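# Secondary and tertiary structure notes
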Amino acid sequence: MKLKKTRKERKCYSCKSLINKGDLYGQKSIVLGEKVNGESETFDGMNTVVHYMRIPVSMCKTCLENK
Ligand SMILES: [Zn+2]
């Protein structure tokens, strides 16, 4: 995971703490909707989960290091 310096204040997705301007943070993509919309669809004989979405979230340095 490569850390970047933020140019604006962000909130850590994991611990909800504030990432101050100039602090290091990392971006991670998480999957949304998988558990809520657990319906599956048959496509070409394969089961595909619908309403599957990936969104990028900001995480602070501490959370990224303590996996
Ligand atoms: Zn955090």
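Residue positions are given per chain, counting from 1 as you read along its sequence in written order. Side-chain atom pairs in this predicted model are given and counted only at pLDDT of 80 or more, local residue features only at pLDDT of at least 70, and totals for whole chains, interfaces and linings cover all residues. Side-chain numbers come from the whole structure's heavy atoms, not from hydrogens or water.

We now examine the sheet that holds strand β4 (residues 24-32). One open sheet holds the three strands; their spatial order is β1-β4-β7, and the pairing between them is antiparallel. Only two strands of the sheet have a single neighbouring strand rather than two, namely β1 (4-5) and β7 (53-60). Pairing between strands is defined by DSSP: at least two bridges between the two strands are required. By the criteria applied, helices consist of DSSP H or I runs no shorter than four residues and strands consist of E runs no shorter than two, each listed in order from the N terminus.

With that settled, consider the coordination of the zinc ion. With water omitted from the atoms examined, metal sites may look incomplete; donors here are N, O and S atoms no farther than 2.8 Å from the metal, or 3.2 Å in the case of Na, K and Ca. Around the zinc ion, the protein contributes the donor atoms C12 (SG), C15 (SG), C60 (SG) and C63 (SG), at 2.2 to 2.3 Å from the metal centre. Here a site with four donors is tetrahedral if all angles are between 85 and 135 degrees, and a site with four or six donors is square planar or octahedral if opposite donors are over 155 degrees apart and the other angles are between 65 and 115; anything else gets the irregular label. Of note is the zinc ion, whose four donor atoms meet at the metal with angles of 106 to 114° in an arrangement that counts as tetrahedral. Taken in sequence order, the residues that donate to the zinc ion follow the motif C-x2-C-x44-C-x2-C. Here C12, found in the loop between β2 (10-11) and β3 (18-19), pairs with C63, found in helix α1 (residues 61-65); they are 51 residues apart in sequence, far enough to count as distant.

Another point: the packing of aromatic side chains. Working definition: rings of Phe, Tyr and Trp (its six-membered ring) pair if their centres are within 6.5 Å, and the pair is stacked with planes under 30 degrees apart, edge-to-face with planes over 60 apart, and tilted otherwise. Counting across every chain of the model gives zero aromatic pairs. The lysine or arginine in question, K16, covers the ring of Y13, its NZ or CZ lying 5.1 Å from the ring centre. Sitting over a ring, as applied to charges here, requires NZ of Lys or CZ of Arg to be within 6 Å of the ring centre and within 35 degrees of the ring normal.

With that settled, the discussion passes to the pairing of β4. Judged from the two bridges that link them, β1 and β4 form a sheet pairing that is antiparallel. Considered in β4, the bridge of K4 is made with Y25. When β4 meets β7, the two strands line up antiparallel, connected through eight bridges. Within β7, the residue paired with S29 across the bridge is P56.

Turning our attention to unusual backbone geometry. Even without a glycine there, the phi angle at K16 is positive, about 65°. As for its position among the elements, K16 is in the loop between β2 and β3. The buried label applies to any residue whose accessible area, calculated with a 1.4 Å probe on protein chains only, is under 20% of its type's maximum; exposed applies above 50%, and partly exposed to all values in between. We classify K16 as exposed; its relative accessible area is 53%.

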